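Single-letter residue listing:
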Amino acid sequence: STAAGMTNYVWTVSAGGTITAGGGTSNNTVTVTWNTAGARSVSVGFTDTNGCTSASPTVYPVTVNALPTPVVAGPASVCAGSTGNVYSTAAGMTNYVWTVSAGGTITAGGGTSNNTVTVTWNTAGARSVSVNFTDGNGCTAASPTVYPVTVNALPVPTLTGPSPVCAGTTGHVYTTEAGQTGYVWNVSAGGTITAGGTGTDNTVTVTWNTAGAQTVSVNYTDANACTAASPTVFNVTVDPLPVPVVAGPTPACVGSTGNVYSTAAGMTNYVWTVSAGGTITTGGTATDNTVTVTWNTAGAQSVSVGFTDGSGCTAAAPTVYPV
């Protein structure tokens, strides 16, 4: 504005400004939108009530400050469930406005006077943190700065390997994803790790010593530096080794024939043995659960048998039946 009550006002606005109201020959005010930052000016001349016109316009300098563009720094790739993620922008500003996308929770900072915000990322996916502020010139950014954050899902290790297995058997290999780091393997009390199972191994080799419900578990850190929320547990059934039971005649008479000895039916790989004083006359093959013996020699004799049961487990040693 300039003095009122004059005539022949001549208003001029420098490049970078646009007159939006006033500014005519009868107006002592002009309204300007400043479009471009830099050193700008408004000038005016007029004719006063004595009919005298100013020798030259009065030039009024205007500094047009650039709008701030907030810069955000902080972790751009994080793991779902991670806490304490701090994002910051320029200090010393006012009227900070922080926004965190769905899937994140502000746990500290983030107020109008805070140049930092602390976030817990709850959900995997493409997320963001945004901020705006007013700078020392009283200028506010045209729009918030949006800082993209990738929230990586936690890995879920998979496990493959043999189950059921037989007690006392060796060389059982269990496998999870290759190419990860920080593997943590655990085997329940009935098993012993005989190979693998270190922080760099994606396999473990186990001997199962004890029958019953056993487990193998693994955890690891993936390529995004994310660790599974909990280990994957693989259930292993360890079947006991069979102990064959033999029934049949004892004592028997020397020279007697047709002495039938039997064990459990329905098994496989029967292995029958008769001591030197006896002769097998029928049965006694790998598919027979009976053997028929003639006893030729008096004395302490024996029949023994081993087999593989329905779980694929073989007796640790044959059962010896004294006759």
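Please refer to the structure higher up on the page.
Residues numbered from 1 in each chain as written. Predicted model: local features only at pLDDT ≥ 70, side-chain atom pairs only at ≥ 80, totals over all residues. Heavy atoms only, no water.

Moving on, we get to the overall build of the chain. In terms of helices and strands, the chain carries 0 helices and 25 strands. Judged by the C-alpha coordinates and their principal axes, the chain covers about 160 × 30 × 25 Å. When each of the 323 residues of the chain is scored for burial, the buried share is 37%. (Helix = DSSP H or I, 4+ residues; strand = E, 2+ residues; numbered from the N terminus. Buried < 20%, exposed > 50% of the residue type's maximum accessible area, 1.4 Å probe, protein only.)

Going residue by residue along strand β7 (residues 85-88), you find Asn 85 and Tyr 87 tucked away on one face and Val 86 and Ser 88 left uncovered on the opposite face. Judged from the 4 bridges that link them, β7 and strand β10 (residues 116-121) form a sheet pairing that is antiparallel. Opposite Ser 88, over in β10, you have Thr 116 as the bridge partner. (Pairing = 2+ DSSP bridges.)

Taken together, the 3 strands give an open sheet; going across it, the order is β1-β4-β5, and neighbouring strands pair in antiparallel fashion. Edge strands, defined here as strands with exactly one partner in the open sheet, are β1 (7-13) and β5 (58-64). Going across the sheet, the axis of each strand differs from the next one's by a mean of 15°, ignoring polarity. Here 5 bridges tie β1 to strand β4 (residues 38-47), and the two strands are oriented antiparallel to one another. Within β4, the position partnered with Val 10 by the bridge is Gly 45. (Axes fitted to C-alpha atoms, helices over the stretch in contact; angles between N-to-C directions.)

Before going further, it helps to examine unusual backbone geometry. Note the cis peptide between Ser 163 and Pro 164, where omega equals 0°. The residue Pro 164 is located in the loop between β12 (145-152) and β13 (165-166) in this model. Cis peptide bonds are those with omega within 30 degrees of zero, and the linkage from Thr 250 to Pro 251 qualifies with 0°. As for its position among the elements, Pro 251 is in the loop between β19 (232-239) and β20 (259-262). Phi angles above zero are rare outside glycine, and Asn 8 is one such case at about 55°. As for its position among the elements, Asn 8 is in strand β1.

Applying the stated criterion across every chain yields a total of 2 disulfides. At a sulfur-sulfur separation of 2.1 Å, the disulfide partner of Cys 79 is Cys 226. The disulfide joining Cys 79 to Cys 226 has a torsion of about -100° about its S-S bond and is therefore left-handed. One end of the pair, Cys 79, is in strand β6 (residues 77-79); the other, Cys 226, is in the loop between β18 (212-221) and β19, with 147 residues separating them in the sequence. Like Cys 79, the residue Cys 226 is buried in the burial classification. Between the sulfur atoms of Cys 166 and its disulfide mate Cys 313 the distance is 2.0 Å. Taking the torsion about the S-S bond as the criterion, the Cys 166 to Cys 313 disulfide, at about -95°, is left-handed. (Disulfide = S-S within 2.5 Å.)

By themselves, these are just geometric observations and shouldn't be taken as functional.
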